[in-house]
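A structural walkthrough
Listed below, chain by chain, are the residues.
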Protein chains: 2
Amino acid sequence: MKAVGFKTSLPITDADSFIEFETDKPTPDGRQLLVKVKAVSVNPVDFKIRQNSAKDTVLEQPKIIGWDAVGVVEAVGDAVSLFNVGDEVYYAGDITKPGSNAEFQLIDERIVGRKPYGLSAEAAAAIPLTALTAWEILFDRMRLSVERDRTKTLLIIGGAGGVGSIAIQLAKKLLGLTVIATASRPETIDWCKKMGADIIVNHRDLVAEVRNAGFHYVDYIVDFVDANLYWDAMVELIKPQGHIASITGSSVPVLLNKLKNKSVSFSWEFMYTRSTYQTDDMIEQHFILDRVAELLDEGVLKTTHTHTLHGLTADNFRQAHAQLESGKTIGKWVISF
Amino acid sequence: MKAVGFKTSLPITDADSFIEFETDKPTPDGRQLLVKVKAVSVNPVDFKIRQNSAKDTVLEQPKIIGWDAVGVVEAVGDAVSLFNVGDEVYYAGDITKPGSNAEFQLIDERIVGRKPYGLSAEAAAAIPLTALTAWEILFDRMRLSVERDRTKTLLIIGGAGGVGSIAIQLAKKLLGLTVIATASRPETIDWCKKMGADIIVNHRDLVAEVRNAGFHYVDYIVDFVDANLYWDAMVELIKPQGHIASITGSSVPVLLNKLKNKSVSFSWEFMYTRSTYQTDDMIEQHFILDRVAELLDEGVLKTTHTHTLHGLTADNFRQAHAQLESGKTIGKWVISF
């Protein structure tokens, strides 16, 4: 089968930062599906792994990355019970396994959902990683519920990116929260409003911006940009007994103690925790993806897909990664095969 | 009225570390109750404030500390609606206000509960601060529930102290958790078992101790000893998607990032957050104390009271603080007037 990958970590401007190659089509085993991939989307985790996983080394076999995918089940392992050959599926994959930037991919059925019926492969490919991340952060990590949290306020740092775009929608449509999102350019401001944000603030001078908008404190904060950079602003803005969550990781130690007098909670969300640790509740990702598919088909949620490139080529992946590395992407870029 | 306090922060071995003095009996206003205090208990927060609040200075008026109290309502402010003169009450007070180490004390009715009917003043005085802390950490910060968490495991670091003793009980009796508590001396091990702990481990070499007891990971950890000291052990032992909480504060920055790949949450619990920030839900402490009183009267919970000193004297407070500073106290010491 054809695949796109890399043998060494190179800047995206380098012609060899992605290469095309042929490799064996894999065979499914146990609960694995073999999926013929029709479209994939790119996420920041993709370029972080491209930049770091083969630094100062040349791999013998090229590494296939990319995890968001839409495709058709081509064959199933002997323990598969959730899907049949011919089913259209979508998923965000498992970061410990080969990725979706290839004609075919193996994937554990417990982290796969049925593709939304009403969406094109491109529109659906934009969804899985970001929806799982946003869903897990709001419902599994912060344990928000419509009964308790309907009247609460949520600040989303990074509203126009992939996860921000779907997080705004989930927070508005499923939880009824008042959503304040950061955005600074006219086009990202418009996009966040289209996703459903109630109030837009500039990320520069965040504390003053939020307070000028009429909120001394916010009940909840989710950060999709940089937990270290926004630490002091989050400490200042979070309401006593509030909850902060982030997906970014933190490169330096933090003064956690600053949250103590307010009895604040902090959660990390890493969408690959369930598959990496093969947790007992790994199948939750199957249920979340199926529920998100329903919500997309019912029109409650909208796809965040904004741009498509056509063809499983190294050139398309270089273009998509370069765009994502710019930090200026609105919504999600998709590559269809 | 008579009170015990201090004008300067001194070692507890110093005769002037506590002094007796006369001061005006205060008058209740708004939602305040004037309570005639009958018994108080001592908590680590008391000696931390004694040691630090008048360092290198001499206050004009002696400072009255101590917050846990049992007493009788002597007079009420004009906006009081929850209590009447003559009611027996218990409470953990407000750290921003004068404390309970005095004949009379003013207290906002929203953070006061009715004293458990079946308990002596001494047995009841042991409860409020520790029960509020343990209740808030398990139910408000970690949001545990019997429906979701009955089969889960909780590691309690510091099982035999005041908060640990009541946390063991709440976790066993109200949530049905499997409780692993740390204790290292024969008498603290016995005490933790009496409180209901399923498994006792030594805090030294905590990771190996918990794993030898048959638990590779635990779902939840609450730390009542030192969040910095146990950070790496907690990082190691916490289950993917688990939750850690602590009451101790953290004197140095922490490597929060170590919790990221497991998508772990961390909460601070500070029992004085609600009263310090006058939160909208401050009255929750009234409801929690009333519920705890019911549970004590029904025999579901047991008092953690272990020792009584008699008399509102500087000497008794010196003794009680010295005991607490030793770090070897089992359960709670009470001073009755």
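Residues numbered from 1 in each chain as written. Chains lettered and ligands numbered in written order. Predicted model: local features only at pLDDT ≥ 70, side-chain atom pairs only at ≥ 80, totals over all residues.

For chain A, the count of helices and strands is 11 helices and 15 strands. By principal-axis analysis of the C-alpha atoms, chain A measures approximately 60 × 40 × 35 Å. Evaluated residue by residue, chain A yields a buried proportion of 53% over its 337 residues. Look at the contacts in chain A between residues 6 or more apart in sequence, and 71% of them connect residues 24 or more apart. (Helix = DSSP H or I, 4+ residues; strand = E, 2+ residues; numbered from the N terminus. Buried ≥ 20, exposed ≤ 12 C-beta atoms within 10 Å, placed from the backbone. Contact = placed C-beta atoms within 7 Å.)

Our focus in this paragraph is unusual backbone geometry. Even without being glycine, Gln241(A) reaches a positive phi, approximately 70°. The topology assignment puts Gln241(A) in strand β12 (residues 238-246).

Residues and elements named next belong to chain B. Across its 14 residues, helix α10 (residues 284-297) extends 20 Å between first and last C-alpha, which sits within 8% of the 20 Å expected from 1.5 Å per residue. Residues of α10 that are buried include every one of Gln285, Ile288, Leu289, Val292, Ala293 and Leu296, and no others. For α10, the arc enclosing every buried residue in end-on projection is 140°, short of the 170-degree limit, so these residues lie on one face. (Expected span 1.5 Å × (residues − 1). Arc of directions from axis to C-beta.)

Ordered by their spatial adjacency, 12 strands build an open sheet running β10(A)-β9(A)-β8(A)-β11(A)-β12(A)-β13(A)-β13(B)-β12(B)-β11(B)-β8(B)-β9(B)-β10(B), and the pairing between neighbours is mixed. Two strands lie at the open edges of the sheet, namely β10 (199-201) of chain A together with β10 (199-201) of chain B, each paired on one side alone. Sheet twist, expressed as the mean angle between neighbouring strand axes with direction ignored, is 20°. For strand β8 (residues 153-157) of chain B and strand β9 (residues 178-182) of chain B, the ladder comprises four bridges, and the chain directions are parallel. Each bridged residue has a counterpart across the sheet, and for Leu155(B) the counterpart in β9(B) is Ile180(B). (Pairing = 2+ DSSP bridges. Axes fitted to C-alpha atoms, helices over the stretch in contact; angles between N-to-C directions.)

Below, the discussion takes up the relation of the copies chain B and chain A. The operation relating chain B to chain A is a screw motion whose rotation component is 180°, with 0.0 Å of axial translation and a residual RMSD of 0.0 Å. Viewed as a symmetry operation, the transformation between the two copies matches a two-fold axis. A high fraction, 100%, of the interface residues of chain B reappear at the interface in chain A, so the copies pair face to face through one surface. (Least-squares fit on C-alpha atoms with pLDDT ≥ 70 in both.)

So, about the interface of chain B and chain A. The figure often quoted for interface size is the accessible area lost as the parts come together. Between chain B and chain A, the residue contacts involve 28 residues of the former and 28 residues of the latter. Among the elements of the structure, α3 (128-141), β12 (238-246), β13 (265-268) and α9 (273-276) of chain B are those that each provide at least two residues to the side of chain B that touches chain A. Counting residues per element, the side of chain B that touches chain A draws most heavily on β13(B), which supplies four residues. Classifying every residue of the side of chain B that touches chain A gives 11 nonpolar, 11 polar and six charged. Taken together, the three bridges between strand β13 (residues 265-268) of chain A and β13(B) define a ladder with antiparallel strand orientation. Residue pairing across strands places Phe266(A) opposite Phe266(B), the latter belonging to β13(B). (Nonpolar A, V, L, I, M, F, W, Y, C, P; charged D, E, K, R; others polar.)

This part covers the pairing of β12(B). All names here are of chain B. In terms of burial, β12 is largely enclosed, as eight of its nine residues are buried. Inspection of the sheet shows strand β11 (residues 218-223) paired to β12 by five bridges, in the parallel sense. Considered in β12, the bridge of isoleucine 221 is made with isoleucine 244. The parallel pair β11 and β12, bridged by helix α8 (residues 231-237), forms a crossover whose chirality is right-handed. (Right-handed = clockwise from strand over helix to strand, strands pointing away.)

Residues of chain A with pLDDT of at least 70 account for 100%, and the chain-wide mean is 97. Taken together, the chains of this predicted complex give a pTM of 0.96 and an interface ipTM of 0.96. (pLDDT = per-residue confidence, 0-100.)

Another aspect to go through is the packing of α3(B) against helix α5 (residues 162-173) of chain B. Residues and elements named next belong to chain B. Their axes nearest at 8 Å, the elements α3 and α5 cross at an angle of 50°. Considering the angle they form, α3 stands oblique to α5. You can see that α3 and α5 cross each other, and the crossing is right-handed. The residues of α5 that touch α3, namely those facing Thr130, Ala131, Thr133, Ala134, Trp135 and Leu138, are Gly162, Val163, Ile166, Ala167, Leu170 and Ala171. Here the residues of the contact of α3 with α5 sort into nine nonpolar, three polar and no charged. (Parallel < 35°, antiparallel > 145°, perpendicular 65-115°, else oblique. Left-handed = near helix turned anticlockwise from the far one by under 90°.)

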